[in-house]
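Here is what each chain is made of, one letter per residue.
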Amino acid sequence: MNMHTARAAIGRDTLKTILGIPVLAIRWDDAIALLARLVAERRFTKVSFLNAHNANIAFTDPTFAEVLDDFLILPDGVGVDMASTLLYGAPFPDNLNGTDFIPAFLQASSRPLTVGLLGATRVNAEAASSKLSALAMQHRFVVIHDGYFSAAEEPAIIDAIAKLRPDVLLVAMGVPRQELWIARHIDHRHCTLPIAVGALLDFLSGTVPRAPLWMRRLRLEWLFRLWIEPGRLWRRYVVGNPLFLWRVVGQKLSGAGANH
């Protein structure tokens, strides 16, 4: 299943196009139920999240934009909510950011699943696996490999995934590498739900701190991340966020996408 079949299965009204990328406008519980159903029916579906940062990358990288067109895309963060309000008159029903949503999905899935972890450093991936095992004891978590591998190591990693054939494969390599990697190497023979999860394993490991809950509730987690890692993230947020909204204004003025 991809976004094209999703349009038929879920209905066009649940999709909002942000800078050319169709994003699922769906409530938290409905999104959990949808992923659980896809796993239960073994319907191979690539999953990713759209935030201001990767929308900007897709805007200037047609290869990445084309790859995303074959993913089920969930909304992540205040930027896409602002875009949705600007284009469609209302924000997304819920913020389905992967850092909170993926652990919640795994906790809610009562059926025991095998979950593969690929990416981050080995230490962080192992720590994230332990954290997930404590959060969702019904599942089996397997660290396949860290995210730092050469092209020569790739075939063995892909083979290990195919042998394990996890229900869910969490791929944490950063944008756009993780989505491109899934698109090029992973299909129904390897797993059911490959999910591009960004820094999830780093957050779960505790290596990268989360913003306090009050900041998350105020939708200011990006500000906390900028404060923690200014050198790496200033361009993404200080330059990227206004640029993203400027591009969304351009979409609104051109009349593209906001037709329902």
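Residues numbered from 1 in each chain as written. Predicted model: local features only at pLDDT ≥ 70, side-chain atom pairs only at ≥ 80, totals over all residues. Heavy atoms only, no water.

- Per an unreviewed UniProt entry, the protein chain is named Glycosyltransferase, and its organism is Mesorhizobium waimense.

1. Digging into the pairing of strand β6 (residues 140–145)
- Looking at chain direction, strand β5 (residues 114–119) and β6 are connected through five bridges and run parallel. Residue pairing for β6: Thr114 is matched across the bridge by Arg140.
- Regarding the hand of the β-α-β motif, the stretch spanning β5, helix α7 (residues 122–135) and β6 is right-handed. (Pairing = 2+ DSSP bridges. Helix = DSSP H or I, 4+ residues; strand = E, 2+ residues; numbered from the N terminus. Right-handed = clockwise from strand over helix to strand, strands pointing away.)

2. Some remarks on the packing of aromatic side chains
- One pass over the structure, following the stated rule, counts four aromatic pairs.
- Ring geometry for Trp28 versus Phe101: centroids 5.3 Å apart, planes at 90 degrees, classification edge-to-face. Of this pair, Trp28 sits in helix α2 (residues 28–40) while Phe101 sits in helix α6 (residues 98–108), placing them 73 residues apart in sequence.
- The exposure class assigned to Trp28 is partly exposed, which follows from its relative accessible area of 24%.
- Pairing Phe224 with Trp227 gives two aromatic rings, centres 5.9 Å apart and planes at 55 degrees, and the pair type is tilted. Here Trp227 and Phe224 lie together in helix α12 (residues 221–228), a separation of three residues that amounts to about one turn.
- Owing to a relative accessible area of 11%, Phe224 belongs among the buried residues under this scheme.
- In this structure, Lys16 is placed above the aromatic ring of Phe92, and the distance from its NZ or CZ to the ring centre is 5.2 Å.
- Over the face of the ring belonging to Phe149 we find Arg177, whose NZ or CZ atom lies 5.0 Å from the ring centre. (Phe/Tyr/Trp six-rings, centres within 6.5 Å; stacked < 30°, edge-to-face > 60°. Buried < 20%, exposed > 50% of the residue type's maximum accessible area, 1.4 Å probe, protein only. Lys NZ or Arg CZ within 6 Å of the ring centre and 35° of its normal.)

3. What to know about α12
- Taken together, the buried positions of α12 are Glu221, Phe224, Arg225 and Leu226.
- The secondary structure elements touched by the buried residues of α12 are α10 (200–205), α11 (213–217) and α13 (230–254). (Contact = heavy atoms within 4.5 Å.)

4. What to know about the environment of Ser84
- By secondary structure assignment, the location of Ser84 is in helix α5 (residues 78–88).
- For Ser84, a relative accessible area of 0% gives the class buried.
- Taking C-alpha positions, Ser84 is 34 Å from Pro166, a pair spaced 82 residues apart along the chain.
- Ignoring any residue separated from it by four or fewer positions in sequence, one finds Ser84 in contact with Lys16, Ile18, Gly89, Ala90, Pro91 and Phe92.

5. Quick look at the pairing of strand β1 (residues 15–18)
- Both faces of β1 are covered, namely the face carrying Leu15 and Thr17 and the face carrying Lys16 and Ile18.
- Two elements, β1 and strand β2 (residues 21–24), share four bridges in a ladder whose sense is antiparallel. Within β2, the residue paired with Leu15 across the bridge is Leu24.

6. Observations regarding unusual backbone geometry
- Here the bond from Val175 into Pro176 is cis, since omega is 0 degrees, no more than 30 degrees from zero.
- With respect to the helices, strands and loops of the structure, Pro176 is situated in the loop between β7 (168–172) and α9 (177–185).
- Positive phi outside glycine occurs at Ala120, with the angle close to 60 degrees.
- With respect to the helices and strands, the residue Ala120 is situated in the loop between β5 and α7.
- Relative accessible area serves as the criterion here: at 9%, Ala120 is assigned to the buried category.
- In the Ramachandran plot, Arg165 falls in the positive-phi region, its phi being about 40 degrees despite a non-glycine side chain.
- Assignment of secondary structure puts Arg165 in the loop between α8 (154–164) and β7.

7. Quick word on the packing of helix α3 (residues 52–60) against α13
- Put simply, α3 and α13 touch, their axes get as near as 9 Å, and they point 65 degrees apart. Handedness of the α3/α13 crossing: left-handed. Of the residues in α13, those touching α3 at Ala52, His53, Ala55, Asn56, Phe59 and Thr60 are Arg236, Gly240, Asn241, Leu243, Phe244 and Arg247.
- Classifying every residue of the contact of α3 with α13 gives five nonpolar, five polar and two charged. (Axes fitted to C-alpha atoms, helices over the stretch in contact; angles between N-to-C directions. Left-handed = near helix turned anticlockwise from the far one by under 90°. Nonpolar A, V, L, I, M, F, W, Y, C, P; charged D, E, K, R; others polar.)

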